[in-house]
Amino acid sequence: MAKKKFAKDSATIMTEMVLPNDTNTLNNLMGGRLMHWMDVVAAIAAQKHSNRIVVTASADSISFKQPIALGNVVTLAAQVTRAFNSSMEVHIEVTAEDIPANKKTVTHRAFFTFVAVDQNGKPIEVPEVVTETKEEIELYEGALRRRQLRLVLAKRMKPEDAVELKSIFNLDIPQ
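Residues numbered from 1 in each chain as written. Predicted model: local features only at pLDDT ≥ 70, side-chain atom pairs only at ≥ 80, totals over all residues. Heavy atoms only, no water.

Asker: Quick question: what am I supposed to make of the pattern of salt bridges here?
Answerer: Pairing is possible between side chains that carry opposite charge, provided their charged atoms lie close to one another. This model, assessed by the stated rule, comprises six salt bridges. The salt bridge partner of Glu 89 is Arg 150, with a shortest N-O separation of 2.6 Å. Linking Glu 89 in strand β5 (residues 87–98) with Arg 150 in helix α2 (residues 134–153), this pair joins segments that are 61 residues apart in sequence. Accessibility assignment for this pair places Glu 89 and Arg 150 in one class, buried. Here Arg 109 ties to Glu 93 by a salt bridge, and the two come within 2.9 Å at their closest N and O atoms. Note that Arg 109 is positioned in strand β6 (residues 103–117) and Glu 93 in strand β5, a separation of 16 residues in sequence. Overall, Arg 109 belongs to the partly exposed group, its relative accessible area being 46%. Salt bridges here are not isolated pairs; linked through shared partners, they connect Asp 60, Glu 89, Arg 146 and Arg 150. (Salt bridge = Lys/Arg side-chain N within 4 Å of Asp/Glu carboxyl O. Helix = DSSP H or I, 4+ residues; strand = E, 2+ residues; numbered from the N terminus. Buried < 20%, exposed > 50% of the residue type's maximum accessible area, 1.4 Å probe, protein only.)

Here is the structure:
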């Protein structure tokens, strides 16, 4: 693996205001617009970590539990949680703020995966992630399980080869 970089060095914060053109007929932020913003902030974090062009490989666990209203200020915070050979997992946390009401709410969390590529679009090695805080360590440790789950669901890994997943479910899958 290439050199090491601190997780905090990839930290990226992006702020947007929900305008009428961003909303649905209920005056809430459209899901597609939010996913676009999440993809942009996560790509920037992955580029900071790898110093390379990156492409989106997957987007996981985006749940729309809390609407974001017209006029809210949306803050998207992204940071690389772990790097593998050429791929990086990026954690994104979205906060909506109603400034006149002085109310902030964490509305969404997600994990995106990016692959660093060279000038010809071929995957290229990325630096290892060095964690420092308790949250960074927890996200780093969970990243291998999330990666194995992504690979199994994409049929790129056999369930019986997902050792980290088996360990959390105490599964003894016969070979």
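Asker: What is the right way to read helix α1 (residues 31–50) from this model?
Answerer: Side chains three or four residues apart in an α-helix point the same way, a direct result of the helix having 3.6 residues per turn. Look at α1: 28 Å from first C-alpha to last across 20 residues, which is about the 28 Å you get at 1.5 Å a residue. Those residues of α1 lying buried are Leu 34, Trp 37, Met 38, Val 41, Ala 42, Ala 43, Ala 45, Ala 46, His 49 and Ser 50. With its phi angle positive at about 55 degrees, Asn 51 sits one or two positions after the end of α1. (Expected span 1.5 Å × (residues − 1).)

Asker: Before we go on, may I ask you to explain the environment of Leu 26 in this structure?
Answerer: Here Leu 26 is to be found in the loop between β2 (12–17) and α1. Judged by relative accessible area, Leu 26 falls into the exposed class, the value being 66%. Through-space distance from the C-alpha of Leu 26 to that of Pro 67 is 9.7 Å; in sequence the pair is 41 residues apart.

Asker: Mind showing me how you'd approach the nonpolar core here?
Answerer: It is characteristic of soluble globular proteins that their nonpolar side chains tend to be buried jointly. In terms of nonpolar packing, the biggest core is built from 30 residues, with Leu 76, Met 88, Val 90, Ile 92 and Phe 114 touching the most fellow members. Contributions of two or more residues to this core are made by α1, β4 (73–83), β5 and β6. Among the elements that make up this core, the one with the highest residue count is α1 (eight residues). Non-local contacts of Met 88, meaning those with residues more than four positions away in its chain, are made with Ala 46, His 49, Ser 50, Val 54, Val 80, Arg 82, Ala 83, Phe 112, Thr 113, Phe 114, Ala 116 and Val 126. (Core = buried A, V, L, I, M, F, W, Y, C linked by side-chain atoms within 4.5 Å. Contact = heavy atoms within 4.5 Å.)

Asker: Please clarify how the sheet that holds β5 should be interpreted in this entry.
Answerer: In any sheet, the strands associate via hydrogen bonds between backbone groups, in a parallel or an antiparallel arrangement. Read across the sheet, five strands follow the order β2-β4-β5-β6-β3 without closing on themselves; strand pairing throughout is antiparallel. In this open sheet, the two edge strands, each paired with only one partner strand, are β2 and β3 (53–60). Between one strand axis and the next, the sheet turns by 30 degrees as a mean value, whatever way the strands run. Strand contacts of α1: β2, β3, β4, β5 and β6, with the helix running at about 40 degrees to β4, the strand carrying the most contacts. (Pairing = 2+ DSSP bridges. Axes fitted to C-alpha atoms, helices over the stretch in contact; angles between N-to-C directions.)

Asker: Can you walk me through the environment of Lys 3 in this structure?
Answerer: Following the sequence through the fold, Lys 3 ends up in strand β1 (residues 2–6). Taking the C-alpha atoms as reference, Lys 3 lies 9.9 Å from Ser 50; in sequence the two are 47 residues apart. Lys 3 has contacts with Pro 127 and Glu 128, leaving out every residue within four places of it along the chain.

Any functional reading would require information that these geometric values do not contain.
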